[in-house]
Amino acid sequence: MDRLVLSTARLMVREMSPSDLLPLAAILQDDGVMYAYGGAFSAAETEAWLDKQLRRYAELGFGLWAVCLNDTGEMIGQCGITMQEYNDLTVPEIGYLFARRHWHNGYAAEAAMACRCYGMANLHFNRLYSIIRITNVASQKVAFRIGMRPEGTIVRHYRGQYMRHIVFSAGID
Ligand SMILES: CC(C)(COP(=O)(O)OP(=O)(O)OC[C@H]1O[C@@H](n2cnc3c(N)ncnc32)[C@H](O)[C@@H]1OP(=O)(O)O)[C@@H](O)C(=O)NCCC(=O)NCCS
């Protein structure tokens, strides 16, 4: 049984395991979902992504987790916290990606809000970030919805492209 991290009214957030490769591939190998990441992943990139999350769980106790529907157990997306470079800092970032057929149901906002609370209450971070490509309006709306506000921009080099990103954050100040 994969470790349950948190649950909300409609969602269960749990650690992934190698048996999640198929539902994960359906998300990461979809160009429409992976636009902000420079396009769909290959099968090898999908496996490397899953391995990276498993390493993060082992090393830090957190990472990107599976988001599943309480009603059916279906894995519909990913949400979680990873450590990311921001200027000369390494900061905890809330990330989220969902299968296209499940968009516009409020799932990303519900999962991300729960991750924000988990990050503060359980992982004791005073501030959490979301670093979002400037053209990714949907993701920016999720960040606003969970109480984050923009504090600056950075340029990231990812998969051969330079992309401007807005840095959102929320914290206890
Ligand atoms: C970003 C993403 C996770 C949003 O998922 P979702 O479950 O559809 O989002 P929600 O239903 O929780 O919507 C949250 C808010 O975003 C808005 N929104 C969602 N999709 C939108 C879109 N395509 N365009 C504009 N607004 C959008 C909703 O209207 C809602 O706004 P509100 O707070 O004003 O009501 C989803 O589009 C996705 O997986 N995108 C691809 C991966 C990605 O870009 N991840 C983020 C990388 S930084």
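Each value, and the rule that gives it
Residues numbered from 1 in each chain as written. Predicted model: local features only at pLDDT ≥ 70, side-chain atom pairs only at ≥ 80, totals over all residues. Heavy atoms only, no water. Helix = DSSP H or I, 4+ residues; strand = E, 2+ residues; numbered from the N terminus. Rg over C-alpha atoms; globule rule 2.2 N^0.38 Å. Buried < 20%, exposed > 50% of the residue type's maximum accessible area, 1.4 Å probe, protein only. Contact = heavy atoms within 4.5 Å. Near = heavy atom within 4 Å. Polar contact = N/O pair within 3.5 Å; in protein donor to acceptor, adjacent residues only side chain to side chain. Areas by Shrake-Rupley, 256 points an atom, 1.4 Å probe, with all protein chains shown as cover. 1 Å grid on protein atoms, 1.4 Å probe; cavity = no way out; pocket = protein on both sides within 12 Å on 5 of 7 lines; lining within 4 Å. Sits in = over half its atoms within 2 Å of the grid points. Arc of directions from axis to C-beta. Axes fitted to C-alpha atoms, helices over the stretch in contact; angles between N-to-C directions. Parallel < 35°, antiparallel > 145°, perpendicular 65-115°, else oblique. Left-handed = near helix turned anticlockwise from the far one by under 90°. Nonpolar A, V, L, I, M, F, W, Y, C, P; charged D, E, K, R; others polar. Core = buried A, V, L, I, M, F, W, Y, C linked by side-chain atoms within 4.5 Å.

## Here's the deal with the overall build of the protein
Inference 1: Across its full length, the protein carries 4 helices and 8 strands.
Inference 2: Of the regular secondary structure in the protein, the N- to C-terminal order runs β-β-α-α-β-β-β-α-β-α-β-β.
Inference 3: Compactness check: the protein gives a C-alpha radius of gyration of 15 Å against a globular reference of 16 Å for 173 residues, within 12% of the reference.
Inference 4: Over its C-alpha atoms, taken along the principal directions, the protein stretches across nearly 40 × 35 × 35 Å.
Inference 5: Going through the 173 residues of the protein one by one, you find that 51% of them count as buried.
Inference 6: Here the analysis covers contacts within the protein between residues at least 6 apart in sequence; of these, 57% occur between residues at least 24 apart.

## Digging into the site of the ligand
Inference 1: Around the ligand, the structure places 19 residues, and the nearest of them are Tyr96, His104, Gly106, Asn136 and Arg145.
Inference 2: Contacts to the ligand include phenylalanine 98, whose backbone N or O atom sits 2.8 Å from an oxygen atom.
Inference 3: The separation between an oxygen atom of the ligand and a polar side-chain atom of tryptophan 103 is 3.2 Å.
Inference 4: Summarising the interface, the protein chains cover 77% of the accessible area of the ligand, which totals 930 Å² for the free molecule.
Inference 5: At a threshold of 2 Å from the grid points, most atoms of the ligand map onto the largest pocket.
Inference 6: Secondary structure elements with two or more residues in the shell around the ligand: strand E5 (89–98), helix H3 (107–121) and helix H4 (137–145).
Inference 7: Examining the composition of the shell around the ligand, we find that 5 residues originate from one element, H4, more than from any other.

## Thoughts on the side chain of arginine 56
Inference 1: Here arginine 56 shows up in helix H2 (residues 43–60).
Inference 2: Contact partners of arginine 56, with chain neighbours within four places excluded, come to Gly61, Phe62, Gly63, Thr82 and Gln84.

## Here we look at H4
Inference 1: Buried within H4 are the following residues: Ser139, Gln140, Val142 and Ala143. Buried residues of H4, seen end-on, are gathered within an arc of 155° and therefore sit on one face of the element. Exposed positions of H4 whose direction lies more than 90 degrees from the buried face are Ala138, Lys141 and Arg145.
Inference 2: Where H4 is buried, its residues contact E5, H3, strand E6 (127–133) and strand E8 (161–171).
Inference 3: Of the residues one or two after H4, glycine 147 is the one with positive phi, at around 90°.

## A closer look at the packing of helix H1 (residues 21–28) against H2
Inference 1: Between H1 and H2, whose axes approach to 10 Å, the crossing angle comes to 120°. Put simply, H1 runs oblique to H2. Judged by the twist between their axes, the crossing of H1 over H2 is right-handed. Contacts between H1 and H2 involve Leu21, Leu24, Ala25 and Leu28 on the former and, on the latter, Thr46, Glu47, Trp49 and Leu50.
Inference 2: When the residues that make up the contact of H1 with H2 are grouped by side-chain class, the tally is 6 nonpolar, 1 polar and 1 charged.

## A word on the nonpolar core
Inference 1: Core analysis: the largest hydrophobic core is formed by 48 residues, its most contacted members being Ile94 and Tyr96.
Inference 2: Per-element accounting of this core gives the leading share, 8 residues, to H3.
Inference 3: Isoleucine 94 has contacts with Cys79, Gly80, Ile81, Ala112, Cys115, Arg116, Leu128, Tyr129, Ser130, Ile146 and Met148, leaving out every residue within four places of it along the chain.
Inference 4: With 6 residues, the next largest nonpolar core counts Tyr86, Val91, Ile131 and Val167 among its residues.

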